Amino acid sequence: MLSTRLASRRLAVPARRWKHTSSRPPLNSVTADDVAHFAKILPQNAILSTLPPSDLHASDIDQYNNDWMGKYHGNSTTVLRPQNTKQVSDIMKWCHERRIGVVPQGGNTGLVGGSVPILDELIINLGNMSKVRSFDPVSGALVADAGCILESLSEHIAPHNHIMPLDLGAKGSCQIGGNVATNAGGLRLLRYGSLHGTVLGLEVVLPDGTVLDNLTTIRKDNTGYDLKQLFIGAEGTLGIITGVSILTPPAPQASTNVILALPRFENVLPVFKTARLHLSEILSAFEFIDREAYDLAVKHGQGKALNEQDVEGAECFVLLETSGGKKEHDEEKLTGLLETLLEADEPLILTGVLSQSPTQFASMWRLREGITESVSKEGKAYKYDISIPLAAFKEVVDLTREHLRKQGLLHEEAVKQVIGYGHVGDGNLHLNVIAAAYTSEIQAALEPFVYELVASYNGSISAEHGLGAMKAHAIHYSKTGVAVDMMKKIKELFDPRGIMNPGKVLEF
Amino acid sequence: MRPTAARLLNILVPVKRCVDYAVKIRVNPQQTGIDTNVKHSMNPFDEIAVEEAVRLRERLKDAVKSIKVVTIGPPKSAETLRTALAMGADSGIHVEIPDSAPSPEPLGVARVLEAIVKRQEGGVDLIIMGKQAIDDDLGQTGQMLAAILGASQATCASKLEVDVEKYVANVRTEIDGGAEELVCKLPAVITTDLRLNEPRYASLPNIMKAKKKPIEKLSASELGVDLTPVLETIKVTEPPKRVGGGKVENVDQLVAKLKEAGFTALST
Ligand SMILES: Cc1cc2nc3c(=O)[nH]c(=O)nc-3n(C[C@H](O)[C@H](O)[C@H](O)COP(=O)(O)OP(=O)(O)OC[C@H]3O[C@@H](n4cnc5c(N)ncnc54)[C@H](O)[C@@H]3O)c2cc1C
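- As recorded by an unreviewed UniProt entry, chain B carries the name Electron transfer flavoprotein, beta subunit and is attributed to Auriscalpium vulgare.

- You'll find chain A entered in an unreviewed UniProt entry as FAD-binding domain-containing protein, with Auriscalpium vulgare given as the organism.

**Here's the deal with the overall build of chain A**
Then step 1. For chain A, the count of helices and strands is 19 helices and 16 strands.
Then step 2. The C-alpha atoms of chain A give 23 Å as radius of gyration, which agrees with the globular expectation for 508 residues (23 Å, within 12%).
Then step 3. In terms of overall dimensions, chain A has C-alpha extents of about 75 × 60 × 45 Å along its principal axes.
Then step 4. Within chain A, buried positions represent 56% of all 508 residues.
Then step 5. In chain A, the share of contacts with a sequence separation of at least 24, taken over all contacts with a separation of at least 6, comes to 74%.
Then step 6. Summed over its atoms, the accessible surface of chain A is roughly 21,100 Å², and 54% of this surface lies on carbon and sulfur atoms.
Then step 7. Positive and negative side-chain charges in chain A, numbering 48 and 58 respectively, have mean positions lying 6 Å apart.

**Observations regarding the environment of aspartate 62 of chain A**
All names here are of chain A.
Then step 1. Along the chain, aspartate 62 falls in helix H4 (residues 62-65).
Then step 2. Its relative accessible area of 35% is what places aspartate 62 among the partly exposed residues.
Then step 3. Counting along the chain gives 168 residues from aspartate 62 to leucine 230, while the straight-line C-alpha distance between them is 31 Å.

**Details of the site of the ligand**
All names here are of chain A.
Then step 1. Taken together, 36 residues sit near the ligand, with Pro104, Gly106, Thr109, Gly110 and Asn179 positioned nearest.
Then step 2. Between asparagine 108 and the ligand, the recorded distance is 2.8 Å, taken from a backbone N or O atom to an oxygen atom.
Then step 3. Glutamate 464 places a side-chain nitrogen or oxygen 2.8 Å from a nitrogen atom of the ligand.
Then step 4. Relative to its unbound accessible area of 960 Å², the ligand is 97% covered by the protein chains.
Then step 5. Mapped by element, the contributors of at least two residues to the shell around the ligand are strand E3 (102-105), helix H7 (176-182) and strand E9 (240-247).
Then step 6. Looking at the shell around the ligand element by element, the count peaks at 5 residues for H7.
Then step 7. In the shell around the ligand, the residues fall into 12 nonpolar, 22 polar and 2 charged.

**A short note on the sheet that holds strand E11 (residues 215-218) of chain B**
All names here are of chain B.
Then step 1. The sheet built from 9 strands is open, its strands ordered E9-E8-E7-E10-E6-E1-E4-E5-E11 with mixed pairing. Looking at the sheet topology across the chains shown, the edges are occupied by strand E9 (178-185) and E11. Recorded for the sheet is a direction-independent mean angle of 30 degrees between the axes of neighbouring strands.
Then step 2. Relative to E9, strand E8 (residues 168-175) runs antiparallel, the two sharing 8 bridges. Its bridge partner lying in E9, threonine 173 is registered against glutamate 180.

**What to know about the packing of aromatic side chains**
Then step 1. Evaluation of the coordinates by the stated rule reveals 8 aromatic pairs over all chains.
Then step 2. Put simply, the rings of Phe265, Phe288 and Phe393 of chain A pair up and form one aromatic cluster.
Then step 3. The lysine or arginine in question, lysine 304 of chain A, covers the ring of tyrosine 201 of chain B, its NZ or CZ lying 5.3 Å from the ring centre.

**Examining the pairing of strand E8 (residues 211-214) of chain A**
Residue and element names in this part refer to chain A.
Then step 1. By the bridge criterion, 4 bridges tie strand E7 (residues 199-205) to E8 in an arrangement that is antiparallel. When the bridges of E8 are listed, glutamate 203 appears paired with aspartate 213.
Then step 2. Count of turn residues in the E7/E8 antiparallel hairpin: 5 residues, of which glycine 209 carries a positive phi of about 100 degrees.

**Considerations on the domain arrangement of chain A**
All names here are of chain A.
Then step 1. When the domains of chain A are assigned, the result is domain 1 (32-125), domain 2 (132-247), domain 3 (254-371) and domain 4 (374-494).
Then step 2. Counting from both sides, the interface comprises 15 residues of domain 1 and, opposite them, 16 residues of domain 2.
Then step 3. Of the roughly 1,200 Å² buried where domain 1 meets domain 2, counting both sides, 68% is carbon and sulfur surface.
Then step 4. Where domain 1 packs against domain 2, one counts 3 residue pairs in polar contact (both at pLDDT 80 or more).
Then step 5. When residues of the side of domain 1 that touches domain 2 are traced back to their parent elements, those giving at least two are helix H5 (85-98), E3 and strand E4 (122-125).
Then step 6. Ranked by residues supplied to the side of domain 1 that touches domain 2, first place goes to H5 with 6 residues.
Then step 7. Class assignment of the residues belonging to the side of domain 1 that touches domain 2 gives a composition of 6 nonpolar, 8 polar and 1 charged.

**Examining the interface of chain B and chain A**
Then step 1. With 19 residues of chain B in contact, the opposing surface of chain A contributes 25 residues.
Then step 2. Interface of chain B and chain A: buried area, both sides summed, is about 1,800 Å²; carbon and sulfur atoms make up 61% of it.
Then step 3. In terms of surface lost to chain A, no three residues of chain B exceed Tyr201, Leu204 and Met208 of chain B, which account for 41% of the buried area on that side.
Then step 4. Our enumeration of links across chain B and chain A arrives at 1 salt bridge.
Then step 5. In this structure, lysine 327 of chain A engages glutamate 79 of chain B in a salt bridge whose closest nitrogen and oxygen atoms are separated by 3.1 Å.
Then step 6. Between chain B and chain A we count 8 residue pairs in polar contact (both at pLDDT 80 or more) in total.
Then step 7. When contributions to the side of chain B that touches chain A are tallied by element, the ones reaching two or more residues are helix H2 (77-87) and helix H5 (204-210) of chain B.
Then step 8. Among the elements that line the side of chain B that touches chain A, the one with the most residues is H5 of chain B, at 4 residues.
Then step 9. Residues of the side of chain B that touches chain A, tallied by class, amount to 9 nonpolar, 3 polar and 7 charged.

**Things to note about a nonpolar patch on the surface**
Residue and element names in this part refer to chain B.
Then step 1. A cluster of nonpolar side chains, Val248, Leu254, Leu258 and Phe263, forms an exposed patch at the surface whose accessible area comes to about 350 Å².
Then step 2. Mapped onto the secondary structure, leucine 254 falls in helix H6 (residues 251-260).
Then step 3. Accessibility expressed as a relative area gives 40% for leucine 254, which makes it partly exposed.

**Description of the sheet that holds strand E15 (residues 415-423) of chain A**
Residues and elements named next belong to chain A.
Then step 1. The 7 strands lie next to each other as E13-E10-E12-E11-E15-E16-E14, forming an open sheet whose pairing is antiparallel. Looking at which strands have only one partner, the edges of the open sheet turn out to be strand E13 (351-354) and strand E14 (380-387). Between one strand axis and the next, the sheet turns by 15 degrees as a mean value, whatever way the strands run.
Then step 2. When strand E10 (residues 254-262) meets strand E12 (residues 316-324), the two strands line up antiparallel, connected through 9 bridges. Paired with leucine 262 across the strands is cysteine 316, a residue of E12.

Here is what the cut-offs are and how they apply
Residues numbered from 1 in each chain as written. Chains lettered and ligands numbered in written order. Predicted model: local features only at pLDDT ≥ 70, side-chain atom pairs only at ≥ 80, totals over all residues. Heavy atoms only, no water. Helix = DSSP H or I, 4+ residues; strand = E, 2+ residues; numbered from the N terminus. Rg over C-alpha atoms; globule rule 2.2 N^0.38 Å. Buried < 20%, exposed > 50% of the residue type's maximum accessible area, 1.4 Å probe, protein only. Contact = heavy atoms within 4.5 Å. Areas by Shrake-Rupley, 256 points an atom, 1.4 Å probe, with all protein chains shown as cover. Lys, Arg positive; Asp, Glu negative; His and termini not counted. Charge placed at Lys NZ, Arg CZ, Asp CG, Glu CD. Near = heavy atom within 4 Å. Polar contact = N/O pair within 3.5 Å; in protein donor to acceptor, adjacent residues only side chain to side chain. Nonpolar A, V, L, I, M, F, W, Y, C, P; charged D, E, K, R; others polar. Pairing = 2+ DSSP bridges. Axes fitted to C-alpha atoms, helices over the stretch in contact; angles between N-to-C directions. Phe/Tyr/Trp six-rings, centres within 6.5 Å; stacked < 30°, edge-to-face > 60°. Lys NZ or Arg CZ within 6 Å of the ring centre and 35° of its normal. Domains from an automatic or database assignment. Buried area = accessible area lost by both parts, 1.4 Å probe. Salt bridge = Lys/Arg side-chain N within 4 Å of Asp/Glu carboxyl O. Patch = residues over 30% accessible without salt bridge, like charges linked within 9 Å, V, L, I, M, F, W, Y side chains within 5 Å.

Written out as structure tokens, the structure reads:
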């Protein structure tokens, strides 16, 4: 029994990752008996298992085993879809006792392989926990089940003139619990800050089933250690988030956006500085798109392109958004900025467009937000989500491309494109290497190359996507040994049996 | 409306400021209309009309002498004119009506446009306008205007070519189940359909230039037109809420439900 299980494990994992598993605590696979026990906790339709007596086929749970990019594949036999905190707690109690590894899963849009099993861990998908618990239109405090989809929360509070403090391309699928678990950054961070600031409280089921109820809506609370912070960005390795209390800002009464075409990358920094100076508090996003990323989004029909002749020779683009309380006031500021940029002796920009309607506003955002999707349509993506000094954005993309070229890997059958885009305002670059297929050769050419490159700028190898399964082994490029040791102690304290999302963030 | 001497085209494009297409419409509490305190933008069909005029100039070059845009609406409609100017029109006319005035009706608008056409030195050869405005969806103004002017008309255009030499417009129009090719003698009124083109973004340099382009302000009374509505709006309501379906366990229940709802089997 044990040996066949080992054999199936071996098949499931790429050899590279296998060598780290020596210190992994022994965990058990889900058995038919376990499923029978879960049936006492959950209704039948909340249990998807391929174990006998069920006649479900492995392909029926593919969507839970495979990640969004099609890069990471788990071999779980069982997916549970609890509807409330009590059920999650009862499931965890059982898994703790039985030493069954568990993967918490939200919208499964994570980009680092954190949301699918490495082996055959039990998947607990939060999609059925999708109720808004309360909303206070005065303070803006929103309390919701972790499984609420980000976009539906936005829609829920829109009539009250509030918006979610975060926004990202995956908004139609990702869940607030997943957002908190990954400490997602996204497109509004520049304006509203990170989830470490906007999350007011969390309800978490700990690995042994204990419910840690921290679901407060008060803004100030200096009573001891702020435990919720530990779960923000823990990627499901310390507990399952079941409820989130989050502060939502009032909806801006006027917002508009601009796409600027820049002749040279070197102009991004001066444009950014000028924009901050002119726009100050109304600047709500400043996104960078390099030429190849722009062309890719256009190619895949993401939003309407700018006039071709106008953008001839543009080396990169920036998308800038303003949000404020009064249209006339914002327009005046924006016009001032645009005039400065256009009428300088040596103009910093070639041209640009200013949205004239909500429809154009959305279309222009699509050009930026649609890049992630375009990349997946174009090929298989190696995604590096890094923090580096803004001035180095282009250098890093160019160096990576050159490196691949030297290795003979830059051609249609191997690496098709190397592109860069990201959140200038936060110093966060998305370096994407688009390949025809995932191969060990490309992998070896990229890692540790990219990590070492990032470390040479004292950057972070994961700005906002997390470490997941992809970068757990590379944590030391951005964190000291002392820090990693402290993290291990914290993990040990919360999860002594190592059942919570094993192999993610910290290696086994 | 008479042809210009050297057969250089003067194009007129009427544009309307509407509640934006992306905004969710809500009826006001008095049930007299809709909540207009929301985002507005140029009627999408008018945007297509402006785009088409600008493309005509790009193709015909100097043969297009002028592109003039006109709007009839409250003070804020000036923004809509600026957008059209930024897309490439040369000058604008704003027939201003007070914020409090009721929305003008197709016949009134057609009369204002007629008066404007008659005032244009050099005449107007081509009027390109939306087939309808997405706020009231009336879809009559173009036809009325053509009739009043005694000009040719082609509605719901999906393709437009102008033969300056022959002084005709070759138009493909959308009709039920297909398309129709029309040759219209100029002057003509063409109304636009969605497939005609995809409007451009206004570029920043053009937005800046547009600020300096002239806008003439007029009133309906100066033009000798009475915009008092002839239609009376009695009440505006939302469509009935869709009631969600129910689930039945088996065919018998389904049949019972259907019977309950008044459906009976066909007698054979
Ligand atoms: C098109 C696209 C655009 C994106 N843009 C951005 C972006 O701009 N910024 C950004 O930061 N990310 C971005 N991402 C990455 C991703 O969407 C976010 O990280 C998102 O927050 C993940 O949410 P999810 O519900 O899909 O979580 P999943 O993918 O399901 O899970 C992600 C991680 O969180 C854990 N987890 C999920 N739910 C819970 C829970 N309730 N309790 C405990 N742990 C949990 C999982 O175990 C996993 O480790 C993007 C992804 C896509 C596909």
